[in-house]
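Residue-level structural notes
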Amino acid sequence: MSNKINRRDFIKLTVAGVAVLAVPQIIRGVQALETLTPSGRQWAMVIDQSKCTGCGYCTLGCRAHNDIPPEISWNVVTKTGTVGTQDVYIARPCMQCTHAPCVDVCPVRASTYRPDGIVEMDYNRCIGCRYCEIACPYGARSFNWKQFTGPNPSVPEWGQPEVARRPRGVVEKCSFCYQRIDRGLALGLTPGIDEDATPACVVACPVGARQFGDLNDPESNVTKLLKGKTSYRLREDLGTAPHVYYLPANEEAQS
Amino acid sequence: MKIRLPKFRPIKIRLPRFTPWSTWVLGLAVILTAGATAGVMVLWKGLSLTNLSDKVPWGLWITIDLSSIAVSAGAFSLCAVVYLLGLKRYQPVARTATFIGLIGYTMAVFTLLLDIGRPDRFWHSMVYWNEHSLLWEVTMCVTLYLAVLALEALPIFAGFGWLRSHWPKLADKMSQAHRLAPYLAIAGLALSMLHQSSLGALYGVLKARPLWYRPDISVLFIISAVAAGMALTVFASMISARLTNHANVDNNLLDRVSHIIGWVLVAYLYFRFWDALAMTYTYEPGRTEGLHLLTGGALSFNFWVGEILLGTLAPIILLLNKRTRSLPLWRMLAMVLVVGGVVAYRWDTNLSGLLIYLSYLPGEPAMSYAAYHPSLIEFLAGGGIVSYGLLAFSLGVRYLRVVDHNVVKANEVESKVIEAIPVPGD
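Sequence order sets the numbering: in each chain, residues are counted from 1 along the sequence as written. Key to labels: chains lettered from A, ligands numbered from 1, both in the order written. Two thresholds apply to this predicted model, a pLDDT of at least 70 for residue-level local features and 80 or more for giving and counting side-chain atom pairs, whereas whole-chain, interface and lining totals are computed over all residues.

1. Some details on the overall build of chain B
The cut-off we apply is this: Helix and strand definitions here come from DSSP, where helices need a minimum of 4 consecutive H or I residues and strands a minimum of 2 consecutive E residues; each element is numbered from the N-terminal end. Throughout, radius of gyration means the C-alpha value; the globule benchmark is 2.2 Å times the number of residues raised to the power 0.38. The burial criterion counts other C-beta atoms lying within 10 Å of a residue's C-beta, which is placed from the backbone; the residue is buried at 20 or more, exposed at 12 or fewer, and partly exposed between these limits.
On a plain count of helices and strands, chain B comes out with 18 helices and two strands. Against the globule reference of 22 Å for 426 residues, chain B gives a C-alpha radius of gyration of 23 Å, in line with a compact fold. When its C-alpha atoms are laid out on the principal axes, chain B stretches across 95 × 55 × 45 Å. Every one of the 426 residues in chain B was classed for burial, and the buried ones make up 50%.

What follows is the structure in structure tokens.
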């Protein structure tokens, strides 16, 4: 048999080779799509702007719990205006989008969907290209421009952070404190009800402006809250379908 | 047995003679050293040495990255012309373009390694595939295409005098690789069509950035890359032939390529015009402001003068007008303008989308403006990478005769014959 191949054969072989390589990837893609359909628990946060006083305890609790450097904030509180005499604030954790731009653009699958709807970051895989930062419509991602060393000013004298510090050169973001959720569930606790199984910011809020729970559970506090009231999500026009809902400070202002 | 002591020689201090060549190489080496030092500092101290921020995470280095890939596009387009369209007469030009491509892509890889936060994890995209990510696709294509370029450049390296005299068999084997050229040209065309456009689509798929969120950038990127890639090849060939006797060019051939570049630029200008005009009709918050930033704001000089006037209109006139095109100085000027225009386009594309960002707050989407000016470290490292490219090309001209429109013709007939031919001009 002649081992010479002509141009036509070469093209045929190339096409066949690409097809063979692509099949397992397509299967994986379809499997990934299946995990997107809500099944089991879907964690969500409801932030009530009529209760929020802008004290910033959520940010502080988050920093202390997740050992976040002073230049970075996973949870940003901004004043958006006033209703009557009351100042209105908005707190912005990671939206944990159902269709997250960051997950799509990551070249190494460092950001992935958990089956419970949380967008998880793998800090051991991130290469620090910062494409996700550019793609996120909510500015929820921050890059570690330098190594965070020394004591964390946000961590109080008692207790210690429950999450390992991220290395220099990776992007980080809010995780809905899934380590607390996972540990709590293993202990038989209910996230959103039992403090030990609930995200740190929700626990730290002194006025109860943050609620947490399972959207697929009709009895959870978030489901009940959302059923009775007008709620909105940020930049819904983008179709990202966040897992963070807001109750406006004044219902007429939103409708 | 007699022990022979080495003869003692008085130490003679000989100052190196400063020829234009040695000055050029020395100058580049100095910039390269400064750049390498800056690079080591970035790897050691981290990206906090740059002026990049969470608002503008991509800056000068991404521009160098995009530009060096764009100006390398001559390799795939000219190889396709030679081996797929069968226009063999362009082969000597394609040879130069291939060498430039190899340099350009290695420049891009160096810049990327510097720009990512964890260069030690550069291999992750090869292992952890995310086929939804344009950046993943670009990384894979660039890596594969770098391999293609290396194979395509094997016969060029086979011509290295030292290799020929010390490892003649290896050199022979290497020059045999030219038989693969048609297949490599197909692979190169496919990979380049994918990633040259995807570098634009990388921006175009981001819904959070209204100025970028349109399919047109990918089309503009690939057309401008073809123009810039061929332009750099023509310029580098002409300037080499002028400055050294290690290079000689077929003026007729370069004239034809220049004519093609002129028409590619017309196509580019048409799409750019259409793209910019259509953009205003969406009244999308952020997009209109981004366009204003380009046409009347911080980037307006770059846009009107760098991209449109000098980068596109002037070279179109210079290259489509037979008289100016046939005058070497005018033609070379046109080529420089094309390359400069494409670099300006890459810079503007990256920054115009980053300098404007939309607020996520409820209600009317509000625009905010960010600022970015590269730091000294960024300039030094960028300069180092560019001077690496210039140095590599200069060495190629001198020792590998990458710009030689006579040798290649002989090479094509039979690589072994070349050994018998005394290298002309030396």
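2. Quick word on the sheet that holds strand 9 (residues 244–247) of chain A
All names here are of chain A. To keep things clear, this is the line we draw: For two strands to count as paired, DSSP must find a minimum of two bridges between them. As a rule, the C-alpha atoms of each element are fitted with a line to give its axis, helices using only the stretch in contact, and angles between N-to-C directions run from 0 to 180 degrees.
With mixed pairing, the three strands of this open sheet are ordered in space as 8-1-9. In this open sheet, the two edge strands, each paired with only one partner strand, are strand 8 (210–214) and strand 9. This sheet shows a mean twist of 20 degrees between the axes of neighbouring strands, independent of strand direction. As judged from the four bridges shared by strand 1 (residues 43–48) and strand 9, these two strands associate in the parallel manner. The residue of strand 9 that forms the bridge with Met45 is Val244.

3. As for the interface of chain A and chain B
Basically, it comes down to this: We call two residues in contact when the distance between their C-beta atoms, placed using the backbone, is within 7 Å. The nonpolar class holds Ala, Val, Leu, Ile, Met, Phe, Trp, Tyr, Cys and Pro. Asp, Glu, Lys and Arg form the charged class, and all remaining residues, Gly among them, are polar.
Taken together, the contact between chain A and chain B spans 42 residues of the former and 32 residues of the latter. Elements with a minimum of two residues in the side of chain A that touches chain B: helix 1 (7–36), strand 2 (76–83), strand 3 (86–92), helix 3 (101–105), helix 4 (131–135) and strand 6 (142–143) of chain A. With five residues, helix 1 of chain A is the largest single contributor of residues to the side of chain A that touches chain B. Partitioning the side of chain A that touches chain B into residue classes produces 23 nonpolar, nine polar and ten charged.

4. Structural notes on the domain arrangement of chain A
Applied cut-off: Where each domain begins and ends follows an automated or database-derived domain assignment.
What the domain assignment reports for chain A is domain 1 (1–37) and domain 2 (40–254). Taking the mean C-alpha position of each, domain 1 of chain A and domain 2 of chain A sit 40 Å from one another.

5. Looking at helix 8 (residues 168–176) of chain B
Residue and element names in this part refer to chain B. Threshold: Comment: arc refers to directions from the helix axis out to C-beta atoms.
Regarding helix 8, the residues found buried are Ala171, Met174 and Ser175. One face of helix 8 carries all of its buried residues, which in axial projection span an arc of 95 degrees. Residues Lys169 and Lys173 are exposed on helix 8 and point more than 90 degrees away from its buried face.

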